[in-house]
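Residue-level structure breakdown
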Amino acid sequence: MNVWIAIGVTAVACYAVKLAGLLVPADALERPLVRRLAALLPVALLAALTAQQTFADGHALVLDARAAGLAAAAVALVLRAPFLLVVAAAVAVTAGVRALGG
């Protein structure tokens, strides 16, 4: 029964957050600082998620094949490669390092 209570509380909380966003006045959202932060927030969240998934294993910091794949993707991005090539480079390098025992 505790699972259903958690689901209900989560649903109500999600609805409350959505409603709070709709109640913000339009003037507040048109400010330059708010617009700039709204544009940068997804990038920061994606970078944090990528770092956490690449360098963390539970509560430990690790440096393994995933880091090599991320580095290959970064190099491909600096060279302005298409996104599909960036992903392919990351996959190939990660698989190569794992095949070599890393």
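The coordinates are above.
In this report, the structure presented in the accompanying data block is examined. Owing to the predicted nature of the structure, the values given are computational and were not obtained by experimental measurement. (Residues numbered from 1 in each chain as written. Predicted model: local features only at pLDDT ≥ 70, side-chain atom pairs only at ≥ 80, totals over all residues. Heavy atoms only, no water.)

What to know about the overall build of the protein
The helix and strand inventory of the protein stands at 5 helices and 2 strands. Judged by the C-alpha coordinates and their principal axes, the protein covers about 55 × 45 × 25 Å. The buried share among the 102 residues of the protein stands at 10%. Here the contacts in the protein between residues at least 6 apart in sequence split such that 30% fall between residues at least 24 apart. A total of about 8300 Å² of accessible surface is found on the protein, and carbon and sulfur atoms cover 75% of it. (Helix = DSSP H or I, 4+ residues; strand = E, 2+ residues; numbered from the N terminus. Buried < 20%, exposed > 50% of the residue type's maximum accessible area, 1.4 Å probe, protein only. Contact = heavy atoms within 4.5 Å. Areas by Shrake-Rupley, 256 points an atom, 1.4 Å probe, with all protein chains shown as cover.)

Here's the deal with helix 3 (residues 32–55)
In this model, helix 3 (24 residues) spans 34 Å end to end at C-alpha, consistent with the 34 Å of a helix rising 1.5 Å per residue. Its axis deflected by about 30° at Leu-40, helix 3 carries its strongest bend there, up to four residues before the proline Pro-42. (Expected span 1.5 Å × (residues − 1). Bend = angle between axes of the 7 residues up to and from the residue.)

Re the packing of helix 3 against helix 4 (residues 65–78)
For any two helices packed against each other, one specifies the crossing angle of their axes together with the interaxial distance. Where helix 3 meets helix 4, the closest approach of the two axes is 8 Å, and the angle between their N-to-C directions is 140°. As far as their axial angle goes, helix 4 and helix 3 are oblique. Here Thr-50, Gln-53, Thr-54 and Phe-55 of helix 3 come into contact with helix 4, specifically with Arg-66, Ala-67 and Leu-70. Taken together, the residues of the contact of helix 3 with helix 4 sort by class into 3 nonpolar, 3 polar and 1 charged. (Axes fitted to C-alpha atoms, helices over the stretch in contact; angles between N-to-C directions. Parallel < 35°, antiparallel > 145°, perpendicular 65-115°, else oblique. Nonpolar A, V, L, I, M, F, W, Y, C, P; charged D, E, K, R; others polar.)

As for the side chain of Thr-54
Note on placement: Thr-54 falls in helix 3. Beyond its immediate stretch of four places on either side in the chain, Thr-54 contacts Val-62, Asp-64, Arg-66, Ala-67 and Leu-70.

Comments concerning the pattern of salt bridges
Tallying each qualifying case throughout the model produces 2 salt bridges. Residue Arg-35 is joined to Glu-30 by a salt bridge in which the shortest nitrogen-to-oxygen separation is 2.6 Å. Put simply, Asp-64 and Arg-66 hold a salt bridge, and the shortest N to O gap is 3.3 Å. Given the relative accessible area of 30%, Asp-64 is considered partly exposed. (Salt bridge = Lys/Arg side-chain N within 4 Å of Asp/Glu carboxyl O.)

Focus on a nonpolar patch on the surface
Together, Val-3, Trp-4 and Ile-7 make up an exposed nonpolar region whose accessible area comes to about 370 Å². Position of Ile-7 among the secondary structure elements: in helix 1 (residues 2–22). Owing to a relative accessible area of 44%, Ile-7 belongs among the partly exposed residues under this scheme. (Patch = residues over 30% accessible without salt bridge, like charges linked within 9 Å, V, L, I, M, F, W, Y side chains within 5 Å.)

Regarding the side chain of Thr-94
Position of Thr-94 among the secondary structure elements: in helix 5 (residues 83–99). Among residues more than four places away in sequence, those in contact with Thr-94 are Ala-65, Arg-66 and Gly-69.

Describing the packing of helix 4 against helix 5
Where helix 4 contacts helix 5, the axes come no closer than 8 Å and their chain directions differ by 150°. Looking at the two axes, helix 4 sits roughly antiparallel to helix 5. Where helix 4 crosses over helix 5, the two elements pack in a sense that is right-handed. Across the interface between the two elements, Ala-65, Arg-66, Ala-68, Gly-69, Ala-72, Ala-73, Ala-76 and Leu-77 from helix 4 touch Val-86, Ala-89, Ala-90, Val-93, Thr-94, Val-97 and Arg-98 from helix 5. Here the contact of helix 4 with helix 5 is composed, by residue class, of 11 nonpolar, 2 polar and 2 charged. (Left-handed = near helix turned anticlockwise from the far one by under 90°.)

Keep in mind these numbers describe shape, not what the thing actually does.
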